[in-house]
Amino acid sequence: MAGPKYYPILKWKKGEQDAVRYLDGADLAVMLPILEVIGRPDVDLRAALGPQLERGHADQYPFGIDGRNLWPAGLAFKPLLKLCAGLQKDGYLAYPVINVPDLIANLGNLTPLKDFEIIILRLRLQLLPLPSALQVVKDVRKAVGRKVQVHVIYDFGPIGDAPEPALRGFVEPFVRDTLAGGDATYVAMSGGSFPMTLTGIPVGAQNKLRRKEWHVWQDLRAQPGCSDVRFGDFTVTNPEPLEIEDPTAMNPSAAIRYALDGEWWLIRGKGVKTAGAGGFSQYNTLCKLLVTSPLYAGAAFSYGDGRYSFYAQPGQTQTGNLTTWRRDAANHHLVQTARRLDQLI
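Residues numbered from 1 in each chain as written. Predicted model: local features only at pLDDT ≥ 70, side-chain atom pairs only at ≥ 80, totals over all residues. Heavy atoms only, no water.

Q: A description of the sheet that holds strand S7 (residues 186-192) should follow, citing residues and the corresponding values.
A: Strand order around the closed barrel formed by eight strands is S1-S2-S3-S4-S5-S6-S7-S9, with parallel pairing between neighbours. Taking each pair of neighbouring strands and ignoring which way they run, the sheet shows an average axis angle of 25°. Sheet analysis places strand S1 (residues 6-11) next to strand S2 (residues 34-36), joined by three bridges and oriented parallel. Residue pairing for S2: leucine 10 is matched across the bridge by leucine 35. Strands strand S3 (63-66) and strand S4 (94-99) of the sheet are contacted by helix H4 (residues 77-89), whose axis makes an angle of about 165° with S4. Against the sheet, helix H7 (residues 164-181) makes contact with strand S6 (149-158) and S7, and its axis sits at roughly 170° relative to S6, the strand it touches most. (Pairing = 2+ DSSP bridges. Helix = DSSP H or I, 4+ residues; strand = E, 2+ residues; numbered from the N terminus. Axes fitted to C-alpha atoms, helices over the stretch in contact; angles between N-to-C directions. Contact = heavy atoms within 4.5 Å.)

Q: Let's hear about the layout of surface pockets: which residues, and what values?
A: Taken as a whole, the second largest pocket encloses approximately 190 Å³ of empty space. Together, Val43, Asp44, Leu45, Arg46, Trp71, Pro79, Lys82, Leu83 and Gly86 line the second largest pocket. Going through the elements one at a time, helix H3 (45-55) and H4 are the ones with two or more residues in the lining of the second largest pocket. (1 Å grid on protein atoms, 1.4 Å probe; cavity = no way out; pocket = protein on both sides within 12 Å on 5 of 7 lines; lining within 4 Å. Points joined across faces, edges and corners; volume = space filled by probe spheres on them.)

Q: I'd like to hear about the environment of isoleucine 345, residue by residue, with values.
A: Tracing the chain through its elements places isoleucine 345 in the segment after helix H11 (322-344). Once the C-alpha coordinates of isoleucine 345 and glycine 39 are considered, the two residues, 306 residues apart in sequence, prove to be 35 Å apart.

Q: Which residues make up empty space enclosed by the protein, and what values do they have?
A: The full count for this structure, using the stated rule, is one cavity of 30 Å³ or more. Every residue lining the largest cavity is listed: Asp66, Gly67, Arg68, Ala76, Phe77, Leu80, Val97, Ile98, Asn99 and Asp102. Those elements that provide at least two residues to the lining of the largest cavity are H4 and S4. Of the residues forming the lining of the largest cavity, the biggest block, three residues, is contributed by S4. Taken together, the residues that form the lining of the largest cavity break down as five nonpolar, two polar and three charged. (Nonpolar A, V, L, I, M, F, W, Y, C, P; charged D, E, K, R; others polar.)

Q: I'd like a description of the nonpolar core, backed by residues and values.
A: Membership of the largest hydrophobic core comes to 98 residues, with the highest contact counts inside it found for Ile65, Leu121 and Tyr154. For this core, the leading source of residues is H11, giving seven residues. Every residue in contact with isoleucine 65, bar those within four places of it in the chain, is listed here: Leu35, Val37, Leu80, Leu83, Cys84, Leu87, Ala94, Tyr95, Pro96 and Val97. Ile34, Tyr95, Ile153 and Ala188 belong to the second largest nonpolar core, which has twelve residues in total. (Core = buried A, V, L, I, M, F, W, Y, C linked by side-chain atoms within 4.5 Å. Buried < 20%, exposed > 50% of the residue type's maximum accessible area, 1.4 Å probe, protein only.)

Q: Describe in detail the pattern of salt bridges, supporting the description with residues and values.
A: Scanning all chains against the criterion turns up 23 salt bridges. Ionic pairing is found between arginine 339 and aspartate 24, a salt bridge with its closest N-O pair at 3.8 Å. Here the residue arginine 339 occupies a position in helix H11, and aspartate 24 occupies one in the loop between helix H1 (14-21) and helix H2 (25-28), the gap between them amounting to 315 residues. Salt bridges sharing partners connect three or more residues here, namely Glu36, Asp66, Arg68, Arg122 and Asp155. (Salt bridge = Lys/Arg side-chain N within 4 Å of Asp/Glu carboxyl O.)

Quick look at the structure:
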């Protein structure tokens, strides 16, 4: 089946940059990453993003740029298009991700979108009723013509405690009617159910967290008219930013967030600052628990899995850090999800 099957939405920090950097070409071919870039709009963003994109080897694959963290809602349209056009001049296949507030604010002037080969509409499900969503897609298609690919992502954002059947029932008409309308090139459903923090999750290797967005998507694609829906998620992080008043007061846990088919296996240690807990060296013990389990995919499965094996070696004194732990978890998640989707779609 043609086109992207996976739209991972990435908080574009060093861990995520390196997670994508170490993907191989076959896995990258399945996905179109959405980068939630971070920066200051009062500086030259094109120049500032250069090192981040180089670190993530972003010249090797197409990607979407989401400017929600750069400009106020409703004011991102023109600067985002300018940024993407500039990055394309630098050799990147950078495409704009347009969010609901900017679509609404610019419905009368969508024609600049036709300058791009791909347009990505990230439509937060809670912000648009179904008739408005269908009309927005129709208006974009009318503005850009038939040569431009219009990718529509219906995004739940953070998935809380809502029952999965209710979530599927809510998104189903959006996906079904958009596919039937013929104005979208591809349609995806995305969401993220990983918790904001690990607070309340017991120390140990007995923790399994359900990947609710995966199960909702599986149920959705089985519904009439929805079989061609694609998938998006937020890998091993919650979609919402974590507000931290005093970073020095944090005591993050040593932990492995390991993606399985429909679950995350969370192997958790104690806080790295907790007296007597072992600090960062707890991670070596956690890796030993992982690599000796039948759930481990093997050192050759992904770059992240190779690092888990590295840290689990007898006598290993290197522990990594919070950034490399996120890199390895996200890298494994991306590979596991991309390969599973390549089997299913």
